[in-house]
Amino acid sequence: MMTSVPSFPRMLLTLLLVLLLHHHGGHAQQTCSDGFHVDRQTRQCIDIDECRTIPNACRGEMRCVNQNGGYLCIPRSMIPQTYPRPNAPSYPGMTYPNSYPPPPAPVPAPSYPASGQPVICRFGYTLSEGNECVDVDECLANSHQCNPTQICINTEGGYTCSCTEGYWLVEGQCLDIDECRYGYCHQLCANIPGSYSCTCNPGFILNPDGRSCQDVDECEGENPCEHGCMNTYGSFICRCNAGFELGSDGMTCTDLDECSYSNLLCQHQCVNQPGSFFCICPPGYTIMADGTTCQDINECETGNATCTRAQECFNYQGGYKCLDPVRCEEPYILFGENRCMCQSENPGCREKPFTVLYKFMDIAGGRTVPLDVFQMQATTRYPGVYFIFQIKSGNEGREFYMRQTGPYSATLVLTRPLSGPKEVLLDLEMVTVHTVINFRGSSVIRLTVFVSEFSY
């Protein structure tokens, strides 16, 4: 008769059998974490290449990049040139990137129950003295295969090849980035290997950021201009004081010769001085309040004349004349002021003018013509009498002529400009004709004309 084993001891017996089989390498199965599978020969967990085993692991323009325990889908434009590790297994289409996004936290090497066989580390790791698998620094050991233009960056279980700042990877080569093409600098840019240098145009200085420029106020501090300075964006403008003009160098100021620009600034003479000018007048004139016009000085009124008490002072434009008292020549006698008379009873007076009257006047030189300068008029009128006016002497140059303006008057007209200084003596005759009694007589005005040198 068979006896049955209680169910609880039977379950305990089964559990002991499983533990024994696992400990002695029976048919129990070793397991690995996700993304790894067991290598039957080495009994190690090795990475599963999902990019090979999973069809269309990444879609569209994304490319599959295998990682320890997983994989990444990244744009194709971000995939740099890669190099396989020495003795690393390769598969069709398999690449090893040299620059990835930050790798995931390293997965610690799995721990298995101790066995009698030696521990074999997976690729990229080496066995330490403590009988643990530690990462191999290929960059430090110089066992990488990075291009000489690249730099090696160690990663957990591998390494990656990258470029220094200022370079980018193109077909396995680190090529300089021309930062000047991308407007890194505000004004002037000079590309240099791996970097760039910013400078500014004249009139600007580089800001502390090394890229932007700010205007220099050249007018601050030492004035670059001889006179006034006005700052502008990137430059400056020099200004000169009144009466000066800017020189060809744009900074110095030279005196402006106002007198050379016009003859109308002064009535007589313009005198230039630094930054200005002034007008002067000839002797016998004084400058008026406007600073440009000349006015005659009447020496006879100011007391500057040197005439004697017996003389008469006659002022004219720019000067004066001391006139001696009129002296009548025989057979004339003095009759009144400045008048000589020849009496009809005197036989010597028959062919001479009845009276000679002395007159004085002045004319500015260079006056425009024709110009009325003097008028004669009969003071007595009789029935049947007419008058003839004429220039008896002193008009040798024909500068004057007499124009009859009525039965009893005439005007002396200047027909040609006179230049002075000089004196012109004219005898202006008025002939009286009486047709009834057949009378003919004359009177003379002895006119002295003082012509000044100037037209004012």
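Residues numbered from 1 in each chain as written. Predicted model: local features only at pLDDT ≥ 70, side-chain atom pairs only at ≥ 80, totals over all residues. Heavy atoms only, no water.

## Focus on the overall build of the protein chain
Argument step 1. Tallying secondary structure elements over the protein chain gives four helices and 33 strands in all.
Argument step 2. Looking at the 456 residues of the protein chain, the share that counts as buried comes to 29%.
Argument step 3. In the protein chain, 37% of the contacts between residues at least 6 apart in sequence involve partners at least 24 apart.
Argument step 4. Here the protein chain has roughly 29900 Å² of accessible surface; of this, 53% comes from carbon and sulfur atoms. (Helix = DSSP H or I, 4+ residues; strand = E, 2+ residues; numbered from the N terminus. Buried < 20%, exposed > 50% of the residue type's maximum accessible area, 1.4 Å probe, protein only. Contact = heavy atoms within 4.5 Å. Areas by Shrake-Rupley, 256 points an atom, 1.4 Å probe, with all protein chains shown as cover.)

## Considering the sheet that holds strand 30 (residues 400-406)
Argument step 1. With respect to topology, three strands assemble into an open sheet ordered 28-31-30, the strand pairing being antiparallel. Edge strands, defined here as strands with exactly one partner in the open sheet, are strand 28 (371-377) and strand 30. Taking the axes of each pair of neighbouring strands and ignoring which way they run, one obtains an average angle of 30° across the sheet. (Pairing = 2+ DSSP bridges. Axes fitted to C-alpha atoms, helices over the stretch in contact; angles between N-to-C directions.)

## Examining the pattern of salt bridges
Argument step 1. Scanning the entire structure with this criterion turns up three salt bridges.
Argument step 2. The salt bridge partner of Arg-403 is Asp-372, with a shortest N-O separation of 3.4 Å. Here Arg-403 is found in strand 30, whereas its partner Asp-372 is found in strand 28, with 31 residues between them in sequence.
Argument step 3. On the basis of relative accessibility, which here comes to 30%, the residue Arg-403 falls in the partly exposed class.
Argument step 4. Linking Asp-427 and Arg-446 is a salt bridge whose minimum nitrogen-to-oxygen distance equals 2.9 Å. With Asp-427 in strand 32 (residues 422-434) and Arg-446 in strand 33 (residues 439-451), this residue pair connects regions lying 19 residues apart in the sequence. (Salt bridge = Lys/Arg side-chain N within 4 Å of Asp/Glu carboxyl O.)

## Regarding the nonpolar core
Argument step 1. Counting residues in each nonpolar core, the largest one holds 25 residues, and the members touching the most others are Val-373, Phe-374, Met-376, Phe-400, Leu-412 and Leu-428.
Argument step 2. Put simply, the parts of the chain that give this core at least two residues each are strand 27 (355-363), strand 28, strand 29 (385-393), strand 30, strand 31 (409-414), strand 32 and strand 33.
Argument step 3. When near neighbours in sequence (up to four residues on either side) are disregarded, Leu-428 contacts Phe-374, Met-376, Gln-390, Ile-391, Met-402, Leu-412, Ser-443, Val-444, Ile-445 and Leu-447.
Argument step 4. Of all hydrophobic cores here, the second largest spans eight residues; its members include Tyr-332, Cys-342, Tyr-358 and Val-444. (Core = buried A, V, L, I, M, F, W, Y, C linked by side-chain atoms within 4.5 Å.)

## What to know about the packing of aromatic side chains
Argument step 1. In total, this model carries nine aromatic pairs according to the counting rule given.
Argument step 2. With 4.9 Å between their ring centres and 75° between their planes, Phe-204 and Tyr-233 make a pair best called edge-to-face. Within this pair, whereas Phe-204 is found in strand 13 (residues 204-206), its partner Tyr-233 is found in the loop between strand 15 (228-232) and strand 16 (235-239), the two being separated by 29 residues in sequence.
Argument step 3. Classification of Phe-204 as buried rests on a relative accessible area of 13%.
Argument step 4. With centroids separated by 6.1 Å and ring planes inclined at 80°, the aromatic side chains of Tyr-285 and Phe-454 adopt a geometry described as edge-to-face. Within this pair, whereas Tyr-285 is found in strand 21 (residues 285-287), its partner Phe-454 is found in the segment after strand 33, the two being separated by 169 residues in sequence. (Phe/Tyr/Trp six-rings, centres within 6.5 Å; stacked < 30°, edge-to-face > 60°.)

## Digging into the environment of Asp-215
Argument step 1. Inspection of the secondary structure puts Asp-215 in strand 14 (residues 213-215).
Argument step 2. Asp-215 sits in the partly exposed class, given a relative accessible area of 26%.
Argument step 3. Sequence separation of Asp-215 and Asn-231 is 16 residues, and the distance between their C-alpha atoms is 9.4 Å.
Argument step 4. Apart from residues no more than four positions distant in its own chain, Asp-215 is found in contact with Gly-203, Phe-204, Asn-231, Thr-232, Tyr-233, Gly-234 and Ser-235.
Argument step 5. In terms of polar contacts, Asp-215 uses its side chain to reach the side chain of Asn-231, at 3.0 Å.
Argument step 6. Among the polar contacts listed, one links the side chain of Asp-215 to the backbone nitrogen of Gly-234, at a separation of 2.7 Å. (Polar contact = N/O pair within 3.5 Å; in protein donor to acceptor, adjacent residues only side chain to side chain.)

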